[in-house]
Amino acid sequence: MSSDQRRPFPFDEFEPKWQDQWEGAQAFRTPNPGDADFDASKPKYYVLDMFPYPSGQGLHVGHPEGYTATDIIGRFKKMSGFNVLHPMGWDAFGLPAEQYAIKTGQHPRKTTEKNIEGFRGQLKRLGFAYDWSREVNTTDPGYFKWTQWIFLKLYNSYVDEVTGKARPVSELEAKGMSREEIDARRLAYVSEAPVNWCPELGTVLANEEVVDGKSEVGGFPVERRPMRQWMLRITAYAQRLIDELDGLDWPESIRLLQRNWIGRSEGAHVTFKIAEFEREVMVFTTRPDTLFGATYMVLAPEHSLVSEITTAEQRGAVEVYQRTVMSKSDLERTELAKEKSGVFTGAYAINPVNGERIPIWIADYVLMGYGTGAIMAVPGHDERDFEFAELFKLPIKQVVQPPEGVKWQGFTDDGVAVNSGFLDGLTTAEAKVKMAAWLEEKGLGRGTVNYKLRDWLFSRQRYWGEPFPIVWEDGSHRAVADSELPVVPPEMEDFKPTGTPEPPLSKATDWVRYSETARRELNTMPQWAGSCWYYLRYCDAANTERFVSEEAERYWMGGGKPGGVDLYVGGTEHAVLHLLYARFWHKVLFDLGFVSTPEPFQRLVNQGLIMGEDGQKMSKSRGNVVNPDDVVAEYGADSLRLYEMFMGPLEQVKPWSMKGVEGVHRFLARVWRVVMEQDQAGEWVVSSQLQDVAPEKKLTKVLHETIKKCGEDIEKLSFNTAISQMMILTNALTQSEVRPASVVGIFLRVLSPFAPHVAEELNALLRGVFPEKAAAGFVADSVWPVFDPAALVEDEVEIVFQVNGKLRDKAVVPVGAAKEEVEKIALASARVQEFMEGKPVKKIIVVPGKLVNVVV
RNA sequence: GCCGAUGUGGCGAAAUGGUAAACGCAGCAGACUUAAAAUCUGCCGGAGAGCAAUCUCCUUGCCGGUUCGAGUCCGGCCAUCGGCACCA
């Protein structure tokens, strides 16, 4: 069946053949600085794919979309004289791997190895020009040794307030700071705060992993509960993570996503005294100008002051409310809670601007994790406060005058201050400044900046992850020595979650016992840890002495731009997860002098999702999933690659079409038949139409247009239009009686980044008959052709004649004809005369080589 | 609610402010064939006029503006998709 005569060209024979030859010749091995065959005179180009999580399902058609795009770029850059780094690896730790292992009753190492083998085989079958000698696997002890090492860099660093840069904590020790003070400043620290606990998954999750109150993986409910967890102080980098986006070539949408996630807002801290108590409470507000309108205060139910200030009469109600809130999941507390709720504490605060006593309430619409967990409520000019005040009949006061005809109740935009003492008459912007100054002067508050971004919850109660290189003794933690890395997880028969917050590693009692008095940390790192730095490891994947050698890092990640990787292609789903985490780690390593750029990824491109043939998202339940293996078996790897690039713009969401695959497959068959024909016996032989002749001018022009357009379009990642142009050239060749071998030879080089197998095969066959006209070795090693601008110039051009902007006539004139000359021809045109209707000419616009527009 | 992206033939799409629909899919017709498939060639947005070649008008989600000229630039609206969402 596979050698069926009907197959329009024998891709199933030559595709695996060339894959073997590339591998045998190590055609895509990239030498590193210091290697004997390294050519330092060439510029570098680092093109990176988001490495896959090797699931049991195998590749889906979304993977080859981005991978083909980077492969085309990488092959093109190689042919254009660059040292190209284009590696691949496996993001293999994490929840899904462990769940799959539990489900199939195998050890995750076994299933992971099997899945990786499957993925690697599938990728090789697509002919990607990866340097497989640099393959990385996040679950390999040789790899995660360095993940743990970087964690210890975080653990042993703090952010200097003056410079905003990470420094070793040894500097704090030198200053004589206490152990507690130092622990409170580490970039990796232990916290007891309430965290996202997912009972179903048996682990805690980061904020970024919780969507609508449910776990991103599996969609299980998530609750808040206080637990002792490792946190990474990403908030210390909030401002730099916003500011340093500016130097990057990233899609504006992704930069906005990150900015919004970090959520900077400017405002002020204001201190309120609590009546009858020697206590104060600080609130954060973005509207200090409305302080005169604060008629009550709300604390988060978890706020530490609540129990202290609640009066005896209110205590019962307050405690009931606190318990209800505690038991609610995030989903219930946000998504489902349309109605405001809350309880009066019985206590009062003093508004510092006017001395008014305002009641203190607790309500779950105030979140403990943002600002200070306490707000001044200005119901006149805040929607939420307004709704709450209406419900509980609290006073609502106007302090901002809206524009004419707009109701002031609930008006939240900028206006003019009223009923606000010394602020009256000022615009909102002016009033904010004046109030902040007033507060500062009186020692009651000051202007401040707040971020929505929270610190990164970094520990998981799972088996299949990097163990922390930390031990505990006498209630305090310390790092293990670098020489003890990697800390390898223990061999365990039973690695299932315990169903409680107790991590599964607790069951490995021998492993846990570090010494007579010390115990190992039982948590593991989240999946994101390994992907935070894998792009660095590729630069020097086999190094056992260092996470990456200085020389290799400088060469591949350097280059004078803020970001080191020249092009990074992947899905948009990592916008606030991996892409934020990796930037954070990279900045820490940069501050500490371990990497040479402040940002990891210079140019980022998100490929669009591929939908099913029905226009719906591909899913097993819908039955619209396309398996790339089936496509490769029926049409070949080149057809799959080419189709995915021809579907439409890379970044766009687009539906699959099997008919479309057949279309590009037919195109490749046409290319094949440009070079080959069948003899009497039905064997493929080089076509007799191929001849060693000089091409006609017209064909030469199409060829050079193709070289030019394909080169430019590859740089722009506009692969669909590049392929269109190759189709135009192929159609021209098909229609020529005589096909110049030189044209075909050059065309195969242009085609090769897109459809490398058929290009290699045809080049080898061409070489057999016209050795001078074909690339000598692999086409993949040949040089990208240079187009001749002279070949693009025509003797004559068609000029369009318009009357009042409407097309009326055309004429062919010599290139470079004088303006006056062309004008004369246009006016002489009978059709132009007809549409001028004898009216006088007001103006004539001549665009050289394009058109004449007569305005009457 | 806020933010972002996208709206062009039957479909995927293409068009530095200058001939809208390149290229492909589907469809139609012809050639080859006993026949079919494959292949090759031609046609292929809508309305109208003409026997015909051909010609006229309309057409890039909707309304308006700038311009000699707008799918493209500006303003307003509508729809679809994606993200965020009690963040004070």
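Each chain carries its own residue numbering, running from 1 in the direction its sequence is written. By the order in which they are written, chains take letters starting at A while ligands take numbers starting at 1. This being a predicted model, a pLDDT of at least 70 is required before a residue's local features are given, and a value of 80 or more before pairs of side-chain atoms are given or counted; all residues contribute to the totals for chains, interfaces and linings. Computation of side-chain values: all heavy atoms of the structure, hydrogens and water removed.

Enquirer: Even after reading the chapter, I still don't get the protein's contact with RNA strand B, so can you show me in this structure?
Expert: Among the 52 residues in the neighbourhood of RNA strand B, the closest are listed as Thr286, Lys340, Arg384, Arg831 and Asn853. If a single non-hydrogen atom of a residue is within 4 Å of a molecule or strand, that residue counts as near it. Across the atoms of RNA strand B situated within 4 Å of the protein, the share located in sugar and phosphate is 63%. Here a polar contact is recorded for every N or O atom pair within 3.5 Å, except that within protein the pair must consist of a potential hydrogen donor and a potential acceptor, and residues adjacent in sequence are included only if both atoms are side-chain atoms. Here a phosphate oxygen of RNA strand B sits 2.9 Å away from a polar atom, N or O, in the side chain of asparagine 720. With seven residues, helix H24 (residues 719-735) is the largest single contributor of residues to the surface near RNA strand B. When residue character is reported, Ala, Val, Leu, Ile, Met, Phe, Trp, Tyr, Cys and Pro are called nonpolar, Asp, Glu, Lys and Arg charged, and the others, Gly included, polar. By residue class, the composition of the surface near RNA strand B is 20 nonpolar, 14 polar and 18 charged. Numbering of helices and strands runs from the N terminus, with a helix taken as a DSSP run of H or I at least four residues long and a strand as a DSSP run of E at least two residues long.

Enquirer: Before we go on, may I ask you to explain the domain arrangement of chain A in this structure?
Expert: Accessible area lost during the coming together of the parts is what is often quoted as the interface size. Along its sequence, chain A is organised into domain 1 (1-11 + 637-789), domain 2 (264-451) and domain 3 (794-855). Its C-alpha centre places domain 1 at a distance of 69 Å from the equivalent point of domain 2. Where each domain begins and ends follows an automated or database-derived domain assignment.

Enquirer: Is there a simple way to explain empty space enclosed by the protein in this structure?
Expert: Rolling a probe over the atoms, with the probe sized like a water molecule, indicates the empty space that remains. Here the term cavity refers to a set of points on a 1 Å grid, laid over the protein atoms alone, in which a 1.4 Å probe fits but cannot get out; the term pocket refers to an open set having protein on both sides within 12 Å along at least five of seven lines, with lining residues being those that place an atom within 4 Å of a point. Grid points are joined across faces, edges and corners, and a volume is the space filled by probe spheres set on the points. Considering all chains together, one arrives at three cavities of 30 Å³ or more under this definition. Taken as a whole, the largest cavity spans an internal volume of roughly 40 Å³. If you trace the largest cavity, you find it lined by Leu59, Gln122, Arg125, Leu126, Pro628, Asp629 and Val632. With three residues, helix H20 (residues 628-635) is the single largest residue contributor to the lining of the largest cavity. For the lining of the largest cavity, the per-class residue count stands at four nonpolar, one polar and two charged.

Enquirer: How should I be thinking about helix H13 (residues 383-392) in this particular structure?
Expert: Residues separated by three or four positions in an α-helix point in the same direction, a consequence of the helix having 3.6 residues per turn. Each residue is placed in one exposure class: buried if its accessible area under a 1.4 Å probe, protein chains only, is under 20% of its type's maximum, exposed if it is over 50%, and partly exposed if it falls in between. Those residues of H13 not exposed but buried are Asp385, Phe386, Phe388 and Ala389. Around the axis of H13, the buried residues are gathered within 165° of arc, so they sit on the same side. Once H13 finishes, lysine 393 follows within two positions and takes phi at roughly 55°, a positive value. Our arc is simply the arc of the directions from the helix axis toward the C-beta atoms.

Enquirer: Teacher, can you tell me more about the side chain of glutamate 98 here?
Expert: Within the element layout of this structure, glutamate 98 appears in helix H3 (residues 95-104). Excluding anything up to four places from it in sequence, glutamate 98 contacts Arg462, Tyr463, Trp464, Phe495 and Pro497. In what follows, residue pairs with any heavy atoms lying within 4.5 Å of each other are defined as contacts.

Enquirer: What should I look at first to understand the packing of helix H5 (residues 141-155) against helix H19 (residues 578-591) in this one?
Expert: Describing two packed helices takes the angle between their axes plus the distance from one axis to the other. Lines are fitted to the C-alpha atoms to define the axes, a helix being fitted only along its stretch in contact, and any angle between axes, read from their N-to-C directions, falls within 0 to 180 degrees. Contact geometry of H5 with H19 gives a least axis separation of 10 Å together with a crossing angle of 70°. Taken together, the axes of H5 and H19 lie roughly perpendicular to each other. H19 is crossed by H5, and the crossing has left-handed handedness. Here H5 contributes Thr147, Ile150 and Leu154 to the contact with H19, which in turn contributes Phe584, Trp585, Val588 and Leu589. Angle categories are assigned with fixed cut-offs, so that under 35 degrees is roughly parallel, over 145 is roughly antiparallel, 65 to 115 is roughly perpendicular, and the rest are oblique. Crossing handedness is read from the near helix: turned anticlockwise from the far helix by less than a right angle, it gives a left-handed crossing, and turned clockwise, a right-handed one.

Enquirer: Please explain unusual backbone geometry as it appears in this structure.
Expert: Comment: phi is negative for the bulk of residues other than glycine, and the bulk of peptide bonds are trans. Going from leucine 485 to proline 486, the amide bond is cis rather than trans, its omega being -5°. Within the secondary structure, proline 486 is located in the loop between strand S25 (476-479) and helix H15 (509-512). The backbone phi angle of leucine 717 is positive, close to 60°, even though this residue is not glycine. As for its placement among the helices and strands, leucine 717 is situated in the loop between helix H23 (697-715) and H24. Exposure remark for leucine 717: the relative accessible area of 8% places this residue in the buried category.

Enquirer: Please clarify how the environment of proline 840 should be interpreted in this entry.
Expert: With respect to the secondary-structure elements, proline 840 resides in the loop between helix H29 (830-836) and strand S39 (843-847). For the pair proline 840 and lysine 709, spaced 131 residues apart in the sequence, the C-alpha separation amounts to 43 Å.

Enquirer: Would you mind showing me how to read the environment of tyrosine 568 here?
Expert: Of note, tyrosine 568 is situated in strand S28 (residues 567-570). You can call tyrosine 568 buried: its relative accessible area is 0%. Considering only alpha carbons, one finds tyrosine 568 and glycine 66, 502 residues apart in sequence, at a separation of 9.5 Å. Excluding residues that lie within four positions of it along the chain, tyrosine 568 makes contacts with Leu48, Asp49, Met50, Tyr534, His578, Leu579, Phe601, Arg603, Leu604 and Val605. Polar contacts involving the side chain of tyrosine 568 include one to the side chain of histidine 578, which spans 2.7 Å.

Enquirer: Help me out: how do you make sense of the sheet that holds strand S40 (residues 851-855) in this one?
Expert: Neighbouring strands of a sheet are bound in pairs by backbone hydrogen bonds; such pairs are parallel or else antiparallel. Two strands are counted as paired when DSSP detects at least two bridges linking them. The strand order across the open sheet formed by four strands is S38-S37-S40-S39, and the pairing between neighbours is mixed. This sheet does not close on itself; its edge strands, each paired only once, are strand S38 (806-814) and S39. Neighbouring strand axes in the sheet, compared pairwise and without regard to direction, differ in orientation by 20° on average. Here strand S37 (residues 796-803) runs beside S40; their pairing, made up of four bridges, is parallel.

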